[in-house]
Structure formats: C-alpha cells, structure tokens
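Listed below, chain by chain, are the residues.
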Amino acid sequence: MNGISGLNLATGALDVFSGGIQTSAHNIANVSTEGFQPLRADYATGPGGQGVRMDAIRKDSSGLEANEMRELSDNNIKRPSGTELAKEFTLMIRNEHAFAANVKVIETLDANLGTLLDATT
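Residues numbered from 1 in each chain as written. Predicted model: local features only at pLDDT ≥ 70, side-chain atom pairs only at ≥ 80, totals over all residues. Heavy atoms only, no water.

> Account for the packing of aromatic side chains, naming residues and giving values.
According to the stated counting rule, one finds 1 aromatic pair in the structure shown. On the numbers, 5.3 Å between centres and 55 degrees between planes, the contact of phenylalanine 17 with tyrosine 43 is tilted. A residue pair is termed long-range when its members are at least 10 positions apart, and phenylalanine 17 in helix 1 (residues 3-29) and tyrosine 43 in strand 1 (residues 39-45) qualify at 26 residues. We classify phenylalanine 17 as buried; its relative accessible area is 13%. Note on tyrosine 43: relative accessible area 24%, which makes it partly exposed. (Phe/Tyr/Trp six-rings, centres within 6.5 Å; stacked < 30°, edge-to-face > 60°. Helix = DSSP H or I, 4+ residues; strand = E, 2+ residues; numbered from the N terminus. Buried < 20%, exposed > 50% of the residue type's maximum accessible area, 1.4 Å probe, protein only.)

> Kindly report on the environment of alanine 56, identifying the contributing residues and their values.
Examined against the element boundaries, alanine 56 turns out to sit in strand 2 (residues 52-59). Residue classification places alanine 56 among the partly exposed positions, given a relative accessible area of 29%. Between the C-alpha atoms of alanine 56 and leucine 39, which are 17 residues apart in sequence, the distance is 9.9 Å. Aside from chain neighbours lying at most four places away, what touches alanine 56 is Arg40, Ala41 and Asp42. (Contact = heavy atoms within 4.5 Å.)

Everything listed is a geometric property; what it means functionally is a separate question.
And the structure:
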C-alpha cells in the first residue's frame, strides 16, 4: 500500500466511524422518547478487502422483548425508549478510538510524505 492509498483508506474510515458516532448520539438524544427504537450502524470490510465501509444503518431489535412490550401495552403503560445507555456509550467509545486511530494513520502518512517530498527537492 502506498501513502496516497493509505490516506484514502484512512479518510474513508473517518467518514464511516463518524457515522457510527452520529448514530449513537441520535440514540442517546432520544433516550426519553416514548417508543423510540435505536439505530445500529453495521460495518463491513471495504472494497478489495481493504478498509472499512458502512454496510447499513438499521433499527436495533435487541431492545425490549415482545412479551415485555405486550405486558406494557396490556397495562396501558407507556413503552419507554429501547435505548440502552451503557450499550450506546460503549459503542461511542469504540467508534471514537477507531476514529482516533485513523487520525494517527493520517498524521503519520502526512509526516512521511512530507519527509519524502523534502528529500526529493
């Protein structure tokens, strides 16, 4: 992999992980919204087996079980948001670390390319 393709992969990863952070932020912002179903960002390997891409943003079905929802509706209790804060903060931290790692890749490649350009002049 050369420096330019590395920069392309890392900047693409920044977009992907930024989307993951935005998804978690959206879920956290709606934690008190009745009946809100959180979203999940699914990642996949990028083209040619390199990098990362956003596979899909889908509704998370791992919240309340069907019998719990039925019990809440039978008792006329308002269904709370399906957002689990612990899960969201964990995902946000993971995405922030992945984002920071790709920033470090860009900084390193930028320094190396600058050194290479300085050496050729």
